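Now for the letters of each chain:
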Amino acid sequence: MIDGFDPALIRDLGKRIGAKEVELNDFAFEGLLAALQLGQVDVAISAVAVTEERRGVVDFTNVYFIGADAVLAARGYASDKVSTLNDLARKRVAAQRGTVYAAFLQKNLVDKGLSRPTDLFLYQDIDSAIRDLKAGKFDLLLMDRLPARQFAKADAGVKVVGENFTPQRFAIAVRKGSNLRSALNDALLRAQNDGTVSKLIEQYLGIAKDQVE
């Protein structure tokens, strides 16, 4: 069974809009919006950050969570502080393929000549990236802050060395013109007002209500 904050949230919203069943499918992140456009799924919810580029191909609901990024390094990495683009420049940096973090690194490092194209490492999944980070195949990993902190807490082999390069607003994606957008927005508002969203955030993400950004 697929579980976690996003799956629990969409199951709750599905009930609120009258869906008989919410069927969850696991797709590679980079294929989420394509699956949506092709009609393979009706909604996409997996920490999908709202961007203007994505708005060009899908519609988004209202934002349900505001997150931030973090930079992970192997425990033996020389520095404990990565705070500027210059700290990322000319380093071997990785991100998950298809994410806003991959686009951020491409735009701000590679396209500006601060890093070589061969210094950007893109991974299908974060677990593989963590493995290669610890193995020394690259220097730094840019990813969502919450799971980065969780990895650092659970795994003595990695540490958080930087945060807040590119804050993100997460929303649910639907096909262009889908009437699900309005229905999900109504359900989301009710779930926020009755405290369900806060409870799920605390249950699955370990963030207290007064700490949610």
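The shown structure was predicted, so the numbers you read here are calculated from the model rather than taken from an experiment.

1. Section: the sheet that holds strand β10 (residues 173-175)
1) Next: Read across the sheet, 3 strands follow the order β1-β10-β2 without closing on themselves; strand pairing throughout is antiparallel. Every interior strand has two partners, whereas the edge strands, β1 (43-44) and β2 (58-60), have only one.
2) Next: Here 3 bridges tie β2 to β10, and the two strands are oriented antiparallel to one another. Paired with F60 across the two strands is A173, which belongs to β10.
3) Next: On top of the sheet, helix α8 (residues 180-193) reaches β1, β2 and β10; it is set at about 155 degrees to β10, its chief contact.

2. Observations regarding the pairing of strand β4 (residues 69-74)
1) Next: Counting buried positions along β4 yields 6 of 6 residues, so the element is predominantly enclosed.
2) Next: Residues D69, V71 and A73 of β4 are buried on one face, and the alternating residues A70, L72 and A74, pointing to the opposite face, are buried as well.
3) Next: As judged from the 5 bridges shared by β4 and strand β7 (residues 140-144), these two strands associate in the antiparallel manner. Paired with A70 across the strands is M143, a residue of β7.

3. Examining the environment of G39
1) Next: Residue placement: G39 occurs in the loop between α2 (32-37) and β1.
2) Next: We classify G39 as partly exposed; its relative accessible area is 43%.
3) Next: In this structure, the C-alpha to C-alpha distance between G39 and D132, residues 93 residues apart in sequence, is 34 Å.

4. Some details on the packing of helix α1 (residues 5-16) against helix α9 (residues 196-205)
1) Next: One way to put it is that α1 packs onto α9 with a least axis distance of 9 Å and a crossing angle of 155 degrees. As summarised for this structure, α1 and α9 are arranged roughly antiparallel, according to the angle between their axes. In this structure, α1 crosses over α9, and the sense of that crossing is right-handed. In this structure, α1 uses F5, A8, L9, D12 and R16 to contact α9, whose residues at the interface are T196, V197, L200, I201, Y204 and L205.

5. Considerations on unusual backbone geometry
1) Next: For A47, which is not glycine, the phi dihedral falls at a positive 50 degrees.
2) Next: The class for A47 is partly exposed, based on a relative accessible area of 23%.
3) Next: The phi torsion at N164 lies on the positive side, around 65 degrees, for a residue other than glycine.
4) Next: Structurally, N164 can be placed in the loop between β8 (158-163) and β9 (168-170).
5) Next: When its relative accessible area of 43% is taken as the criterion, N164 is described as partly exposed.

6. Re the sheet that holds β7
1) Next: Ordered by their spatial adjacency, 5 strands build an open sheet running β6-β5-β7-β4-β8, and the pairing between neighbours is mixed. Each edge of the sheet is formed by a strand with only one pairing partner; in this case those strands are β6 (120-123) and β8. Neighbour to neighbour, the strand axes of the sheet diverge by 30 degrees on average, direction disregarded.
2) Next: Of the pairings in the sheet, the one linking strand β5 (residues 93-96) to β6 comprises 4 bridges and is parallel in character. By the bridge assignment, V93 is partnered in β6 with L120.
3) Next: Of the strands in this sheet, β4, β5, β6 and β7 touch helix α5 (residues 100-110), which is tilted by about 145 degrees from β5.

Calculation rules
- Residues numbered from 1 in each chain as written.
- Predicted model: local features only at pLDDT ≥ 70, side-chain atom pairs only at ≥ 80, totals over all residues.
- Heavy atoms only, no water.
- Pairing = 2+ DSSP bridges.
- Helix = DSSP H or I, 4+ residues; strand = E, 2+ residues; numbered from the N terminus.
- Contact = heavy atoms within 4.5 Å.
- Axes fitted to C-alpha atoms, helices over the stretch in contact; angles between N-to-C directions.
- Buried < 20%, exposed > 50% of the residue type's maximum accessible area, 1.4 Å probe, protein only.
- Parallel < 35°, antiparallel > 145°, perpendicular 65-115°, else oblique.
- Left-handed = near helix turned anticlockwise from the far one by under 90°.

The quantities given are spatial measurements derived from coordinates; they are silent on function.
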